[in-house]
Amino acid sequence: MAIATQIKALLKSHVDGDDALFLSIAMQMAAQEAKQGHGKLAKEIRDLIDEAKSNPHKNDTTPIPLVKPKGELGHLLNVTYPKLRLVDMVLSANIETKLQRLIKEHKQVQKLRSHGLAPRKKLLLIGPPGTGKTLTASVLAGELGLPLFIVRLESLMTKYMGETAGKLRLIFDAIQQTRGVYLFDEFDSIGSQRGNSNDVGEIRRVLNSFLQMIEQDTSDSLLLAATNHSELLDHALFRRFDDLIEYDLPEKQEIIAALKSKLAAFKTSKIFWTKAAEAADTLSYGDITRACEDAIRNSIISNKECVSHSDLMFSIKERCLVRQKQQSKP
Ligand SMILES: Nc1ncnc2c1ncn2[C@@H]1O[C@H](COP(=O)(O)OP(=O)(O)OP(=O)(O)O)[C@@H](O)[C@H]1O
């Protein structure tokens, strides 16, 4: 049977991501077993080595098999397999740099680990609605070939708040067991420092459980928390995250890029992009997406072959009115 030093060497080569050394130690073990008369075991090890050689890990982002949470976990997590890429987003230079760095770190996780380091993996995403926080989670999952798990907060925060810490435990066990991108959307409902006076003690307990679990997490999963209300977050939370990404409404050039990208699926006649961007300057990316979809939909329904400048301006103005009404609500 294999001796402890060989097992140690095997594990070390695995941690270092040194496949050649791993297989060579395994070959030595097969030879040793054969010498000791364990022919069947030796053959089984050699067959496994042959299989590993003919099917090497291509890189660290080999897609993992499809998973679907079952039982209680199925109520808490919603899984998808996004195919989106960074190029599908319009990004400020600052956010793009941060996301590219994160993707590189996760694609080269073994290299970092061989130096005793871990990739950045706990991100706090803050910013107004429709500015790309959820889209970022999809893009990271798409770029890394990982499943995206969105935590269903309405199932987590039941009226029986005492159950919430147990449910959080289930989620953190899944984070450990299944590598993926895990998004806690509307995170302020857990991370808030306030709460109404009845449940403030319970919310505090849930927050403390979350803080403990995030601190103890040693998985290779990415853990994202997104909120539109960073001002409500407990200050203790900020330092538990490896990076903070701040989203904002798009600037003029970003609006133009978003309009062009969202209209790309349909023909357009001459559009005055700067004028359209000026009209849309209070809108989020989410609103711009809807305005473009409205304009395309209207053109199709009216049997037009393309979206004209006035069609687009009409849809943008409609969206601006919706936004104004939302903002005037108390
Ligand atoms: N940076 C972006 N580039 C291109 N499209 C974007 C971008 N951000 C958002 N969108 C578009 O807007 C839609 C809504 O964005 P998303 O759901 O990511 O917003 P959010 O910040 O998570 O909002 P909320 O806080 O309301 O959940 C996306 O599905 C996408 O079509």
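Refer to the preceding data block for the structure.
First, a word on scope: everything that follows refers to the structure included in this document. (Residues numbered from 1 in each chain as written. Predicted model: local features only at pLDDT ≥ 70, side-chain atom pairs only at ≥ 80, totals over all residues.)

1. Notes on the overall build of the protein chain
So, point 1. The secondary structure content of the protein chain amounts to 16 helices and six strands.
So, point 2. Relative to the globule expectation of 20 Å for 330 residues, the C-alpha radius of gyration of the protein chain, 25 Å, shows a markedly less compact shape.
So, point 3. Across the 330 residues that make up the protein chain, the buried fraction comes to 28%.
So, point 4. Taking contacts inside the protein chain between residues at least 6 apart in sequence as the whole, the part at least 24 apart equals 76%. (Helix = DSSP H or I, 4+ residues; strand = E, 2+ residues; numbered from the N terminus. Rg over C-alpha atoms; globule rule 2.2 N^0.38 Å. Buried ≥ 20, exposed ≤ 12 C-beta atoms within 10 Å, placed from the backbone. Contact = placed C-beta atoms within 7 Å.)

2. Notes on the site of the ligand
So, point 1. Around the ligand there are 17 residues in total, and P129, G132, T134, L135 and Y285 lie nearest to it.
So, point 2. Within the shell around the ligand, the residues separate by chemical class into eight nonpolar, seven polar and two charged.
So, point 3. A domain-level breakdown of the shell around the ligand finds at least three residues from each of domain 2 (71-246) and domain 3 (252-328). (Near = placed C-beta within 6 Å. Nonpolar A, V, L, I, M, F, W, Y, C, P; charged D, E, K, R; others polar. Domains from an automatic or database assignment.)

3. Quick word on the packing of helix α5 (residues 93-107) against helix α7 (residues 133-144)
So, point 1. The geometry of α5 relative to α7 is characterised by a closest axis approach of 10 Å and an angle of 35° between their N-to-C directions. Here α5 runs over α7; the crossing is right-handed. Each of L99, I103 and H106 in α5 lies in contact with α7, whose residues at this interface are T136, L140, E143 and L144.
So, point 2. Looking at the contact of α5 with α7, its residues break down into four nonpolar, two polar and one charged. (Axes fitted to C-alpha atoms, helices over the stretch in contact; angles between N-to-C directions. Left-handed = near helix turned anticlockwise from the far one by under 90°.)

4. Considering the nonpolar core
In globular proteins that are soluble, nonpolar side chains generally tend to be buried together.
So, point 1. With 61 residues, the main nonpolar core has V151, V181, Y182, L183, L224 and I288 as its most contacted residues.
So, point 2. Taken together, domain 2 (71-246) and domain 3 (252-328) each give at least three residues to this core, which thus spans both.
So, point 3. In this view, Y182 contacts F149, V151, I175, S221, L222, L223 and L224; residues no more than four positions away in its chain are not counted. (Core = buried A, V, L, I, M, F, W, Y, C linked by C-beta atoms within 7 Å.)

5. With respect to the sheet that holds strand β1 (residues 77-80)
So, point 1. An order of β1-β3-β4-β5-β2-β6 is seen for the six strands of this open sheet, with the pairing classed as mixed. The open sheet is flanked by β1 and β6 (243-246), the only strands paired with a single partner. Taking each pair of neighbouring strands and ignoring which way they run, the sheet shows an average axis angle of 20°.
So, point 2. Inspection of the sheet shows strand β2 (residues 122-126) paired to β6 by four bridges, in the parallel sense. Each bridged residue has a counterpart across the sheet, and for L124 the counterpart in β6 is L244.
So, point 3. Running over the sheet, α7 touches β2, β3 (148-151), β4 (181-184) and β5 (222-227) and is turned about 170° from β4. (Pairing = 2+ DSSP bridges.)

6. Side note on helix α15 (residues 285-301)
So, point 1. Over its 17 residues, α15 extends 24 Å from the first C-alpha to the last, a length consistent with the 24 Å expected when each residue adds 1.5 Å.
So, point 2. Considered for burial, the residues of α15 that qualify are Y285, D287, I288, A291, C292, A295, I296 and S299.
So, point 3. Elements that come into contact with the buried residues of α15 comprise α13 (252-263) and α16 (309-328).
So, point 4. Immediately beyond the C-terminal end of α15, within one or two residues, lies N303, with a positive phi of roughly 55°. (Expected span 1.5 Å × (residues − 1).)

7. Here's the deal with the packing of α15 against α16
So, point 1. Where α15 contacts α16, the two axes come as close as 8 Å, and the packing angle between them is 135°. When the interaxial angle is binned, α15 and α16 end up oblique. Like other packed secondary-structure pairs, α15 and α16 cross with a definite hand, here right-handed. Each of D287, R290, A291, D294, A295, N298 and S299 in α15 lies in contact with α16, whose residues at this interface are D311, L312, S315, I316, E318, R319 and R323.
So, point 2. The residue inventory of the contact of α15 with α16, partitioned by class, reads four nonpolar, three polar and seven charged. (Parallel < 35°, antiparallel > 145°, perpendicular 65-115°, else oblique.)

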